[in-house]
Each structure stands twice: as C-alpha cells, then as structure tokens.
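# Per-entry structural report
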Amino acid sequence: MTTRPPIPAHPRLGIRLAYRLQRALRPRRGLRWLSARIEASGLARPLFTETERITKQTLFGCRMCGQCALPVTGYVCPMGCPKELRNGPCGGVGTDGGCEVYPERRCVWVEAYERAASQGQAADLRLLHLPIDHRRWDQSSWLNYWQGRDEGLWTGEAAEAGDTGDDAPVPHHQPALGGS
Amino acid sequence: MSLRDRLTSGSFAVTAEISPPRGASTDPVTATAALLRDWVDAVNVTDNQGSNVRLASWAGSLATLQAGLEPVMQMTCRDRNRIALQSDLLGASALGIRNVLVMTGDHPKFGDHPEAKPVFDLDSVQLLWTLRHMRDQGAVLSGRALKPPPDCFLGAVENPFAPPAGFRADRLGKKVDAGAQFVQTQFVFDVAAFENWMAQVRELGLHQKCYILAGVGAVRSRNALDFMRDKVPGVTVPDDVYRRLRAVPADQTAAEGARLAAETIQQLREIDGVAGVHLLVAGNERAVPGILDEAGLAAGRAESGSTRSGSAQSVRAQSVRAQSVKAEYGR
C-alpha cells in the first residue's frame, strides 16, 4: 500500500468546474482509443500516471488508490479520511464538522456532502461503494476509468445481493403506550 | 426469547453493553451477564473498545451465551482485514453467536496502541454487505461456497447527532440496504434532535425495514459527564442536561443520571418507529435494574413470558459479586 498516511484534504478545484470537467472527460471513442495507446506504451504510461498523481495530489490530496471515487463524492477524496471510509462519515465527526482524528481539518464527508448538495448531487452519496482492490494502488485511475474497468466500483442497488425476503425484517408494531 | 424474536414480536426491546476485561479470563463477563440476564434481551460485547486491547469480542460473546444471556458480538473494521472478518463471522455462527453488530471502530490514535496500523480494509457498510452476502448467497467475497453458510442477525450503529445532519438518515439507509436488520444509536441526550432524525428515518421508511434501538446512557459522576461532553467523539450533551446533572450534589449525580435515563426511555418509547433502547452502561451495569424499574420496563418484561425473574434485591446481591470479580481482574 501507499506509504502516505490518509489525511483529510480540502479540494482546490471548485465543484462547478469539477463537474464540468467530468462531463467533458467522459469515456468516448477518442479517449478510449487514446488511453489504450498510452497504456500500451512503456514510456507514456508511467509519464501519464505521474502526471495524474501530481495533478490529483495537488487538487484533491489524492493517494493513488487507483479506483477513483471523486465523481460521486463531490470531488472530495474519501481516501483522505483516516479510516478510508468510502460510504460516508463515521460517527465521530465533531459538531463543527471537524474530523475525529484531525479535529483542525474538516471531515471529508462533511465537505463532500456540502459540495455535492450545492449542485443538486447529494443523491450521489447514497451509492454503495464496494470494497476496493488493493492491488490497484499506484495505478492510473484515469486509464482505468476510460478503459471501463471502474464500472463495478459502486452500485445504486445495494440490495442486489439476494433479497430473498425471508431474512428481511418484517414491519414491527409499536407497543401500546405504557403497556406490555 | 431471542433479540430477533423480541423485535419481530413488536414488543419493546432492551439491550445493554459489556466490555470484556483486560486479562485472560472470562469470569468478569460471566458475572456481569448473570447480573443483566433477567433484565435485558441481549447484551453487546465490545470489540477492543476505544482501541484498547481487551479480551476478544467472540470469546466474551461465548461466555455471555454460556451464562444464559444472548450476546451481540461487536465487530469493528479497525483491526482485521476482509479475510479475518469473514472468518470471525463463521467462527461466531458456529459457536451459536447469532447477533453481530458492525461498526467502523475508533481510530487507533485514541487507544493504548496509537502506533498500531489502522486496517479499515472494509468500511462498516461494506462489512454489512459482506456478511449478508455470506449468509444469503452462501459464499465468501471471493465467490467460494460456504458449507454451511452462517446464520446471523445483522446490526449497525448510527449517530443521529453528528454532521452532516442532512445525510445521517441516508447513511442509515445505506446500512439497511447493505444488510442491517437492527440499529443501535449513539447516546440520546437531546430527545428533540433525535425526534428530528427519526422523522427523516420514517420519511425514508427505514423504521419498517430495520429495528431502531435508541441509545440511552446513565451518567454516574461529574467527571464522567465532563468526559462525555468534551472527550468522547460523536457525543453531544445539551446544556440543559448538563446543568441538570451539575445542579445536584456530587454524590447524587449517579441517582440523577439514572433518573434522567429512565425519563429518556419513557420519552423515546413514545416516538413512532423506536423499537427498543440500548443502554450504554459499560462499567455501570449495576444501574440497569434501577433504570428499567423506574422506566416501567421491568414489570412489563416479566409478563411477556421471558425468564425475567430478577428483583432489584437479588440483582444488588449479584452486582456485589460482579464488582468483586471485576476488582480481582482489573478493568
């Protein structure tokens, strides 16, 4: 794994611009073709990966987990959370929105919520992020994204894993007030 | 009656908490379980609470089970990767431990080994999803089949009071979608704020998919009150509660704290969608019978056909034994 410990980072890219870039850089034929060429090259690939590292480290405090969640976290990196939580904040967020571990820094999920909600994207935070693949640290997530390898990172249907019905709790009833 | 049956039957559930000892004996757990057995439906057994090394949660859960009380085995994401976590669920299920409570866990920074490597390979939502997958799909994350698959009743935690306020009910929704069948909340001192959160929870229909147990704590001293207000991550003590507990003489703080807990339980019972309470009283288990008595829950529970035969007197005698065992092994 990376040697850089996770520390909450305040993003230096405004959220509007971030979403605009996201739309511009969606995987299209041209980008798919270009990314395949970069990936195939022994020289271009490390150069490109290093460029991504410097850019995203500067803008988002990126640690190169290689499976980028930024598009659905209001462009605040969840891997800056000291617990590397990818599905929302822990219960220890301070009343001022400070991180439990680094109280002088803001919780990445508080920032993520504010930024996403400011653009009407708060629903993004409801997506279920699946466990990450730790073999992908230090890979270029841009190449992974354009090559379509990031598609299983999160799902909108958390319940997909077999809701057979039997184990789902049935609606319960309120006890009569003051009685048994 | 098991916790699951209690909740399914629709009667008000009560759970409490035991923190295992720092030592190689389950005797303190057994003594505390004997004290609580007739008063609560199940008891959480903490997993290296506050990032301090303690007897393993599974071992404490097994001792609780053997003492005749149903355990809720806590499982944090802090110390074990996905291989160890899945393995632990199999072990627990094989030993008869059915209730598993999944939480992120405190950061190692706050415990007695701040230099330790924080694992957090999975987060709490992912762990819930993994455990449910093991149970319902009969397979581990790698896809390999489990013969037989584990049986488990999955719990989660939520803090209704921590920012971002607009996302806290949604976060519970994610946990429910991932597999949570019951949830225990952080300390409720601020009932009005809790009601706001419950309104959001009901709007999302989560109270019909998941049993909600509200966390209630009993403050036992002024020091504990200050510690809770200033030092415990994620706990909010409103000013009126703080003033009320400071207004009584210091030797009566515990009694006032218990009274406040009983009143809080009564208020929480009236909130639509609250299926029970979780007493956060680790280290102060003696207070449980008194609180439940005053909250009017003790009598109601004996009637409901379980084995609740405890009286406040016999519990006091048991608690003396529990305390001496604790003194022997250190806490």
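Check the entry above for the structure.
Quick caveat, the model's predicted, so the values are computed rather than measured.

With that settled, the discussion passes to the overall build of chain B. The number of helices and strands found in chain B is 13 helices and eight strands. Here the C-alpha radius of gyration of chain B, 19 Å, is about what a compact globule of 331 residues would show, namely 20 Å. On the principal axes, the C-alpha backbone points of chain B span a range of 60 × 45 × 45 Å. Considering chain B as a whole, with its 331 residues, one finds that 56% of them fall into the buried category. Sequence separation of at least 24 residues holds for 80% of the intrachain contacts in chain B that already meet a minimum separation of 6.

The subject of this paragraph is the pairing of strand β4 (residues 99-103) of chain B. Residues and elements named next belong to chain B. In terms of residue burial, β4 counts as a mostly covered element, since five of its five residues are buried. Residues N99, L101 and M103 of β4 are buried on one face, and the alternating residues V100 and V102, pointing to the opposite face, are buried as well. The pairing of strand β3 (residues 71-76) with β4 spans five bridges and is classified as parallel. Across the sheet, residue V72 finds its bridge partner in β4, namely N99. Assessed by its sense of winding, the connection that carries the chain from β3 through helix α4 (residues 82-94) to β4 is right-handed. Here β4 runs beside strand β5 (residues 153-158); their pairing, made up of four bridges, is parallel. Residue pairing for β5: V100 is matched across the bridge by L154. For the segment spanning β4, helix α5 (residues 124-137) and β5, crossover handedness is right-handed.

So, on to unusual backbone geometry. Residues and elements named next belong to chain B. The omega torsion of the bond from K147 to P148 falls at -10°, within 30 degrees of zero and hence cis. Mapped onto the secondary structure, P148 falls in the loop between α5 and β5. Looking along the chain, the bond that leaves P163 and enters P164 is cis, with omega of -5°. In this structure, N48 takes a positive phi of about 50° despite not being glycine. Among the secondary structure elements, N48 is positioned in the loop between β2 (42-45) and α3 (57-66). Here N48 falls in the buried class, since 24 other C-beta atoms lie within 10 Å of it.

Next up on the list: the packing of α5(B) against helix α6 (residues 168-178) of chain B. Residues and elements named next belong to chain B. For the pair α5 and α6, interaxial distance at closest approach is 8 Å and the crossing angle is 20°. Judged by the angle between their axes, α5 and α6 are roughly parallel. α5 and α6 meet at a crossing whose hand is right-handed. Of α6, the residues touching α5 (which contributes V125, L128, W129 and R132) are K174, K175 and A178. Here the contact of α5 with α6 is composed, by residue class, of four nonpolar, no polar and three charged.

All names here are of chain B. Within β3, six of the six residues are buried, leaving the element largely enclosed by the surrounding structure. Covered by surrounding structure in β3 are P71, M73 and M75 together with V72, Q74 and T76, the residues of both alternating faces. Alignment of β2 against β3, held across three bridges, turns out to be parallel. Each bridged residue has a counterpart across the sheet, and for N44 the counterpart in β3 is V72.

Quick notes on the rules
- Counting from 1, residues in each chain are numbered in the order their sequence is written.
- Written order determines the labels here, with chains lettered from A and ligands numbered from 1.
- Local features in a predicted model are, by the rule used here, given only for residues with pLDDT of at least 70; side-chain atom pairs are given and counted only at 80 or more, and totals for whole chains, interfaces and linings are based on all residues.
- Only DSSP runs of H or I reaching four residues or more are called helices, and only runs of E reaching two or more are called strands; each is numbered from the N terminus.
- Our radius of gyration looks at C-alpha atoms and nothing else; its globule reference is 2.2 Å times the residue count to the power 0.38.
- Working definition of burial: number of other C-beta atoms within 10 Å of the residue's own, with buried at 20 or more, exposed at 12 or fewer, and partly exposed in between, all C-beta atoms being placed from the backbone.
- Residues are treated as contacting if the C-beta atoms built from their backbones sit within 7 Å of each other.
- For two strands to be treated as a pair, DSSP must find at least two bridges joining them.
- Here a crossover is taken to be right-handed if, once the strands point away from the viewer, the path from the first strand over the helix to the second is traced clockwise.
- In this description, a line fitted to the C-alpha atoms serves as the axis of each element, helices being fitted only across the stretch in contact, and the angle between N-to-C directions of two axes falls anywhere from 0 to 180 degrees.
- Here is the rule for angles: anything less than 35 degrees is roughly parallel, anything more than 145 is roughly antiparallel, 65 through 115 is roughly perpendicular, and the remaining ranges are oblique.
- Helix crossings fall into two classes, left-handed where the near helix is turned counterclockwise from the far one by less than a right angle and right-handed where it is turned clockwise.
- Gly is put with the polar residues, along with every residue not named as nonpolar or charged; the nonpolar set is Ala, Val, Leu, Ile, Met, Phe, Trp, Tyr, Cys and Pro, and the charged set is Asp, Glu, Lys and Arg.

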